[in-house]
Amino acid sequence: MKTVKMYTTPTCVYCKMAKEFFKKNGVEYEEHDVANDEKAREEMIQKSHQMGVPVIDIGGEVFVGFNQREIAKALDIK
Amino acid sequence: MNYDYIILGGGPAGVAAAVYAARKQMKTLLITESFGGQSIVSADIQNWIGDAHISGLALAEKLENHVRSFPDMVDVKIGERAVSIQKTHCTDPKRPCDFEVTTASGETFAGKAIMLAIGARRRRLGIPGEDRLDGKGVAFCSTCDAPIFKGMPVAVVGGGNAGLEAVIDLLPYATKIYLLQYNETLKGDPSTQEKIKAHPNVEILFNAQTKEVLGDAMVSGLAYTDRKTNEEKKLDVKGVFVEIGSVPNSEIVKNIVDLDTYGQVVIDSKHGTTSQPGIFAAGDITDDPYKQNNISVGDAVKATLAAYGYLLNREKKSPATEQKTAS
């Protein structure tokens, strides 16, 4: 299984949708709240070259936003 | 499978259409990226009838659950969107056309009637730098992204309710918030206006016409013209939140139904019919003047009852009897 790292804010709905999608499909993920963790915020901006959440890092492949189709494809979820 | 009814969209209009179609035993397919519609990003909706307070996400869950309570009648394609609608079987002049819907992933679905409920998306400024710096300081979801601008000066464009709410979302984080309004007055709710005007970190700039979003890799400023003095001005900001209304998602039907000058689908407000027999529409994609969740629901119900009547008239029997004969 690829490692999944997600950068979120507490108020972001698409982050919640992504988390629910991961839970439903048994995907383990590491979550970083960029509203309260400045180091994570810098890391997210460096990785994605942008300032929107969620940012989802799947085994080094970086996705901005939550596009269920793309994320499912990256994780081989049918 | 030739569906009786293909619904495009999973906001309040699409869901209301699905519920009424299911109860009329119309074999229905609903295609949507996600449920909930545009207010899914709202932290607290206070005008959804029946709920004094509900979050956009909770509303989306309720809507999805309602659609999924009719598994025998309504098939759901989620995470998917329609990219084209074609008329088919138009050979018999006495019988209206069928339709074929193609999705982004290349699947096609046949249907006898269509409900357009794909709503609207955020209007963009249309100025240099906006696209290039999208996500790099240019933001369209203050609820989502406000915390990222902690300790930074930002600009919010638009003095309607969405703009005022973006300012409220940013207050706990941004060091300075410029609110740019094209006209001389704010349009949003007076109670929210008062909250904003009283805050020392907020500066409201009236008669401001945005010119360019500045910055190399990330946003570093916003250029605008003071429409009163014609003076060109520049704000040093790291974020630009665009909150200037919406545009209808009507591109995929522009060759098949009549649109008004704003690109909205023209409907008959009694029946939700469009200029193309068999295609119905409701919600923010239409030329109905009030863009409201509750209105989208009611309009979709009207359109779906009209669609049921259309199918009865066309097939000379109800969709329910047709299924019985088929099985």
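A quick note: this is a predicted structure, and the numbers were derived from the prediction, not measured.

> What exactly am I supposed to notice about the overall build of chain B here?
The secondary structure content of chain B amounts to seven helices and 17 strands. Taken across its 327 residues, chain B has 44% of its residues classed as buried. For chain B, long-range pairs separated by at least 24 residues make up 60% of all intrachain contacts whose partners lie at least 6 apart in sequence.

> Sorry if this is basic, but what is going on with the sheet that holds strand β12 (residues 208-215) of chain B here?
Two pairing modes exist for strands in a sheet, parallel and antiparallel, and in both the strands are linked by backbone hydrogen bonds. Residue and element names in this part refer to chain B. Ordered by their spatial adjacency, three strands build an open sheet running β12-β13-β14, and the pairing between neighbours is antiparallel. Looking along the sheet, the strands with just one partner apiece sit at the ends: β12 and β14 (231-235). Sheet twist, expressed as the average angle between the axes of neighbouring strands with direction ignored, equals 25 degrees.

> I'm lost on the pairing of β12 of chain B in this one. Help?
Every regular strand shows the same layout, with side chains that alternate between the two sheet faces. All names here are of chain B. The sheet contact formed by β12 and strand β13 (residues 219-226) spans seven bridges and is antiparallel. Paired with Gly-215 across the two strands is Val-219, which belongs to β13. Where β12 folds back on β13, the antiparallel hairpin that results is connected by three residues.

> Can you help me understand the environment of Lys-27 of chain B in this one?
All names here are of chain B. If you trace the backbone, Lys-27 turns up in the loop between α1 (12-23) and β2 (28-32). Classification of Lys-27 as buried rests on a count of 23 C-beta atoms within 10 Å. Counting along the chain gives 198 residues from Lys-27 to Thr-225, while the straight-line C-alpha distance between them is 55 Å.

> I'm lost on the domain arrangement of chain B in this one. Help?
Often, the extent of an interface is quoted as the loss of accessible area upon association of its parts. Entries for chain B in the domain assignment read domain 1 (2-121 + 246-326) and domain 2 (124-242). With centres defined by C-alpha atoms, the gap from domain 1 of chain B to domain 2 of chain B works out at 35 Å.

> Would you mind going over the nonpolar core with me for this structure?
One broad rule of soluble globular proteins: the nonpolar side chains tend to lie buried together. Residue and element names in this part refer to chain B. Core analysis: the largest hydrophobic core is formed by 105 residues, its most contacted members being Ala-17, Met-115, Leu-116 and Ala-117. Each of two domains, domain 1 (2-121 + 246-326) and domain 2 (124-242), supplies a minimum of three residues to this core. Other than its neighbours up to four places away in sequence, Leu-116 contacts Leu-8, Val-253, Val-265, Ile-279, Ala-281 and Ile-285.

> Help me understand the packing of helix α4 (residues 161-170) of chain B against helix α5 (residues 190-197) of chain B in this model?
Each pair of packed helices can be summarised by the angle the axes make with each other and by the distance between the axes. Residues and elements named next belong to chain B. Contact geometry for α4 and α5: axes closest at 10 Å, N-to-C directions at 40 degrees. Judged by the angle between their axes, α4 and α5 are oblique. At the point where α4 passes α5, the crossing takes the left-handed sense. Contacts from Leu-164, Glu-165, Val-167 and Ile-168 of α4 reach α5 at Thr-192, Gln-193, Lys-195 and Ile-196. Within the contact of α4 with α5, the residues separate by chemical class into four nonpolar, two polar and two charged.

> Looking at this model, I keep getting lost on the interface of chain B and chain A. Mind explaining?
With 17 residues of chain B at the contact, the number on the chain A side is 18 residues. Of all the secondary structure elements, the ones that give two or more residues to the side of chain B that touches chain A are α2 (56-67) and α3 (142-145) of chain B. When residues in the side of chain B that touches chain A are grouped by element, the largest group, three residues, is from α3 of chain B. Residues of the side of chain B that touches chain A, tallied by class, amount to nine nonpolar, six polar and two charged.

> How should the packing of α1 of chain B against helix α6 (residues 293-315) of chain B be read in this particular structure?
Residue and element names in this part refer to chain B. Orientation of α1 relative to α6, taken along the N-to-C sense of each, is 35 degrees, at an axis distance of 7 Å. In the packing of α1 onto α6, the handedness of the crossing is right-handed. For the pair formed by α1 and α6, the contact residues are Pro-12, Ala-13, Ala-16, Ala-17, Tyr-20 and Ala-21 on the first element and Asn-293, Ser-296, Val-297, Asp-299, Ala-300, Val-301, Ala-303, Thr-304 and Leu-305 on the second.

> Where do I start with the sheet that holds strand β15 (residues 239-242) of chain B in this structure?
Residues and elements named next belong to chain B. Ordered by their spatial adjacency, five strands build an open sheet running β8-β15-β9-β10-β11, and the pairing between neighbours is parallel. Here the strands that pair on one side only, and so sit at the sheet edges, are β8 (138-139) and β11 (202-205). Examined bridge by bridge, β8 and β15 share two bridges and lie parallel to one another. Looking at the pairing, Val-138 lines up with Val-240 of β15.

> I would appreciate a short explanation of the pairing of strand β1 (residues 4-8) of chain A in the present structure.
Residue and element names in this part refer to chain A. As paired elements, β1 and strand β3 (residues 55-58) share four bridges and run antiparallel to each other. Within the sheet, the bridge partner assigned to Val-4 lies in β3 and is Ile-58. The sheet contact formed by β1 and strand β2 (residues 30-33) spans four bridges and is parallel. Counted as the bridge partner of Met-6 is Glu-31 from β2.

Analysis parameters
- Residues numbered from 1 in each chain as written.
- Chains lettered and ligands numbered in written order.
- Predicted model: local features only at pLDDT ≥ 70, side-chain atom pairs only at ≥ 80, totals over all residues.
- Helix = DSSP H or I, 4+ residues; strand = E, 2+ residues; numbered from the N terminus.
- Buried ≥ 20, exposed ≤ 12 C-beta atoms within 10 Å, placed from the backbone.
- Contact = placed C-beta atoms within 7 Å.
- Pairing = 2+ DSSP bridges.
- Axes fitted to C-alpha atoms, helices over the stretch in contact; angles between N-to-C directions.
- Domains from an automatic or database assignment.
- Core = buried A, V, L, I, M, F, W, Y, C linked by C-beta atoms within 7 Å.
- Parallel < 35°, antiparallel > 145°, perpendicular 65-115°, else oblique.
- Left-handed = near helix turned anticlockwise from the far one by under 90°.
- Nonpolar A, V, L, I, M, F, W, Y, C, P; charged D, E, K, R; others polar.

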